[in-house]
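Below, each chain spelled out in residue letters.
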Amino acid sequence: MGGSVNGGNIRGAFPELRVDGPQSLSSNAPMLPTSSWEAIWKNLAQWVGVEDSQLEAVMPNLRNFGNDNLIPYTDMFRS
């Protein structure tokens with residue numbers, strides 16, 4: 001398992017790790033992510049066999065993100 005994974009890359013943008021950095025939401029350190037969960041989970045769901053017609057049932061928030069906001073399958077997995 002995992003032989004087809006294109007590993008070793010950061011998906012999205014790596015945050016500046018400081019409390020007052022540009023991704024910080026407040027002074028107590030919560031950070032704003034640069035990618036949605038769906039950006040990664042769509043490909044993982046497809047990789048384990050979830051059909052395209054089932055994706056919305058698995059990830060109901062997926063419809064809120066266009067393809068420009070999702071990581072291409074080929075960036076995560078080798079064909």
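Because the structure is a prediction, the values reported are computed rather than measured.

Rules of the game
- Residues numbered from 1 in each chain as written.
- Predicted model: local features only at pLDDT ≥ 70, side-chain atom pairs only at ≥ 80, totals over all residues.
- Heavy atoms only, no water.
- Phe/Tyr/Trp six-rings, centres within 6.5 Å; stacked < 30°, edge-to-face > 60°.
- Helix = DSSP H or I, 4+ residues; strand = E, 2+ residues; numbered from the N terminus.
- Buried < 20%, exposed > 50% of the residue type's maximum accessible area, 1.4 Å probe, protein only.
- Arc of directions from axis to C-beta.
- Contact = heavy atoms within 4.5 Å.
- Salt bridge = Lys/Arg side-chain N within 4 Å of Asp/Glu carboxyl O.
- Lys, Arg positive; Asp, Glu negative; His and termini not counted.

Peer 1: How should I be thinking about the packing of aromatic side chains in this particular structure?
Peer 2: Given two aromatic rings, one states the distance between the centres and the angle between the planes to describe the pair. Inspection of every chain in the model, using the stated rule, returns two aromatic pairs. Ring geometry for Trp47 and Phe77: centres 5.0 Å apart, planes at 15 degrees, overall stacked. Of this pair, Trp47 sits in helix 1 (residues 37-47) while Phe77 sits in the segment after helix 3 (73-76), and the two are 30 residues apart along the sequence. Overall, Phe77 belongs to the buried group, its relative accessible area being 2%. Aromatic pair Tyr73 and Phe77: ring centres 5.0 Å apart, planes at 35 degrees, arrangement tilted. What makes Tyr73 partly exposed here is its relative accessible area of 32%. An aromatic cluster is built from Trp47, Tyr73 and Phe77, whose rings are joined through pairwise contacts.

Peer 1: Even after reading the chapter, I still don't get helix 1, so can you show me in this structure?
Peer 2: Because an α-helix completes one turn every 3.6 residues, residues spaced three or four positions apart along the sequence face the same direction. Taken residue by residue, helix 1 has Glu38, Ala39, Lys42, Asn43 and Ala45 as its buried positions. When helix 1 is viewed along its axis, its buried side chains cluster within an angular range of 160 degrees and face the same direction. Tucked into the core, helix 1 has its buried residues touching helix 2 (55-58) and helix 3. With its phi angle positive at about 110 degrees, Gly49 sits one or two positions after the end of helix 1.

Peer 1: Could you clarify how one ought to interpret the pattern of salt bridges in this entry?
Peer 2: A side chain with one charge may pair with a side chain of the opposite charge, provided their charged atoms come close. This model, assessed by the stated rule, comprises one salt bridge. Of the charged contacts, one joins Glu56 and Arg63 as a salt bridge, the two residues approaching to 2.7 Å between their closest N and O atoms. You can call Glu56 partly exposed: its relative accessible area is 42%.

Peer 1: Hey, could you run me through the side chain of Glu38 in this one?
Peer 2: If you trace the backbone, Glu38 turns up in helix 1. Buried Glu38, no salt bridge; nearest opposite-charge side chain is Arg63, N-O distance 9.9 Å. If near-sequence neighbours (up to four positions away) are discounted, Glu38 is found in contact with Met59, Asn61, Leu62, Phe65 and Leu70.

Peer 1: For this particular structure, what's the right way to read the environment of Val5?
Peer 2: Here Val5 lies in the segment before helix 1. According to the relative accessible area criterion, Val5 is partly exposed, its value standing at 32%. Sequence spacing of Val5 and Ser24 is 19 residues, and the spatial spacing of their C-alpha atoms is 31 Å.

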